[in-house]
Amino acid sequence: MTERPLDLDAVKAFIRVAEFGSFTRAAEAMQTTQAAVSLKLKRLEDRLGFRLVERTPRYVELSARGATFLEHARELLEVHDRALSAIGGTRQRLTIGISDHVAGPDLPALIARMNSHDPELLIEVRIASSGELLQSFDRRELDTVIVRLHVGRNDGEVLAEERLGWFAAPGWQPRADEPLPLATLAEPCGVRAMAGRLLDAAAVPWREVFVGGGVAAVSAAVMAGIGVAALAPRMLPFGAVDVGARLGLPGLPRLPVLLHTRVRDGRPLDALAALSAAFRTVVRG
């Protein structure tokens, strides 16, 4: 083996493949092509003299030596990033707003993914409704927002489209001759407004029985048997039941999740690409 130094871009590609378990997601995070990531990884393997990952048509997993090298690869990039930060003198900052209907229980994993991508980047995260976040973005209080499609907006990059359903607790039954009890987020909430419009158009009587300050509160109300909520499946604990078909409720459309950003280059853009790729993985599964 020669003394030729390791290619840091190739090391970064290996880390992203290991984190996402996918060449496609790694390429999205690095804003490049799957072929380019594969080539970088092949060159790194040739340089090291052993295989880092085992590729199959269905999945990607680390080899035994790849798993050992991963820790060293992360340390190498961390030292590199600290050196650059020391030279620059100040930490770069990225302020992000994420809709509560988008973040949900996956938020810790998404933040961890961004931090692992660039530990030296200072990340500020604000959780609020899509409407509030878009207003803050327009006032330039936030660099980036990830939100549900909002009435009156046709800009932003579509990250994914997510299915919603009418969810209730296992065994929950509506009471005869009573309006459908709904658990909703507090206004302003686009999903709340959409659900109400669809029920009215289908002539389904309904009434709010619980208004939560966040998706976690609405999810808790659903699992407590208080009523039904229009939510994405990933927002609810395992066991929640989609009762839409059984109750004859109107179908809910797949709602796009949009990225609005003014970030155009540098380390914040790299971290944002990693977050976007991680979010697509969360939504699509």
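Quantities reported herein were computed from a predicted structural model and do not represent experimental measurements.

Let us look at the sheet that holds strand E10 (residues 229–231). One open sheet accounts for three strands, arranged E10-E7-E11; its pairing is antiparallel. Two strands close off the open sheet at either side, each with one partner strand: E10 and strand E11 (241–242). Pairing between strand E7 (residues 165–168) and E11: two bridges, direction antiparallel. Looking across to E11, one finds that Phe-167 is bridged to Asp-242. Relative to E10, helix H9 (residues 215–223) is tilted by about 130°, and along the sheet it contacts E7 and E10.

With respect to the helices and strands, the residue Ser-22 is situated in the loop between helix H1 (8–20) and helix H2 (23–30). Judged by its relative accessible area of 16%, Ser-22 falls in the buried class. Within the structure, the side chain of Ser-22 is placed 3.2 Å from the backbone nitrogen of Thr-24, a separation counted as a polar contact.

This brings us to the confidence of the model for the chain. Scored by pLDDT, the chain has a mean of 83; 92% of the residues are at 70 or more. Mean pLDDT in the chain bottoms out at helix H6 (residues 107–117), which sits at 75, and peaks at E7, which reaches 94.

Scanning all chains against the criterion turns up seven salt bridges. Salt-bridge contacts for Asp-242 lead to Arg-163; the nearest nitrogen and oxygen are separated by 3.7 Å. Within this pair, whereas Asp-242 is found in strand E11, its partner Arg-163 is found in the loop between strand E6 (157–162) and E7, the two being separated by 79 residues in sequence. With a relative accessible area of 42%, Arg-163 lands in the partly exposed category. Three or more residues joined by partner-sharing salt bridges are found here, namely Arg-148, Glu-162 and Arg-234.

Counting 32 residues, the largest nonpolar core has Trp-166, Leu-180, Val-191, Leu-199, Val-228 and Leu-231 as its most contacted members. Elements that contribute at least two residues to this core include exactly E7, strand E8 (180–185), helix H8 (190–201), H9 and E10. Discounting chain neighbours no more than four positions away, the residues touching Val-228 are Trp-166, Phe-167, Ala-168, Trp-172, Leu-180, Pro-181, Leu-182, Ala-183, Val-222 and Val-243. Of all hydrophobic cores here, the second largest spans 26 residues; its members include Phe-20, Leu-269, Ala-271 and Ala-278.

Let us look at a nonpolar patch on the surface. A cluster of nonpolar side chains, contributed by Ile-111, Val-125 and Ile-127, occupies part of the molecular surface with about 200 Å² of accessible area. Note that Ile-127 resides in strand E4 (residues 122–128). Classification of Ile-127 as partly exposed rests on a relative accessible area of 35%.

Thresholds applied
- For every chain, the first residue of its written sequence is number 1, and the numbers climb from 1 along that sequence.
- Under the rules for a predicted model, residues below a pLDDT of 70 receive no local features and side-chain atom pairs below 80 are neither given nor counted, while totals for whole chains, interfaces and linings still include all residues.
- To obtain the side-chain values, all non-hydrogen atoms of the structure were used and water was disregarded.
- Strand pairing is defined by DSSP finding a minimum of two bridges between the two strands.
- A run of H or I in DSSP becomes a helix once it reaches four residues, and a run of E becomes a strand once it reaches two; helices and strands are each numbered from the N terminus.
- Contacts were defined at the residue level, with two residues in contact if any of their heavy atoms lie within 4.5 Å.
- Axis definition: a line fitted to C-alpha atoms, over the contacting stretch in the case of helices. Angles run 0 to 180 degrees between N-to-C directions.
- Any residue under 20% of the maximum accessible area for its type is buried, any over 50% is exposed, and the rest in between are partly exposed; the area is computed with a 1.4 Å probe on protein chains only.
- Residues adjacent in sequence count toward polar contacts only when both atoms are side-chain atoms; beyond that, a polar contact is any pair of N or O atoms within 3.5 Å, and within protein one must be able to donate a hydrogen and the other to accept it.
- pLDDT expresses, on a scale from 0 to 100, how confident the predictor is about each individual residue.
- The salt bridge criterion pairs a side-chain nitrogen of Lys or Arg with a carboxyl oxygen of Asp or Glu, the two atoms within 4 Å.
- The definition of a nonpolar core used throughout is a set of buried Ala, Val, Leu, Ile, Met, Phe, Trp, Tyr and Cys residues joined through side-chain atoms within 4.5 Å.
- Note that patches include only residues with greater than 30% relative accessible area and no salt bridge, and the join distances are 9 Å for like charges and 5 Å for nonpolar side chains (Val, Leu, Ile, Met, Phe, Trp, Tyr).
- Under the convention used here, a 1.4 Å probe and the Shrake-Rupley method define accessible areas, while residue burial counts only the protein chains that appear.

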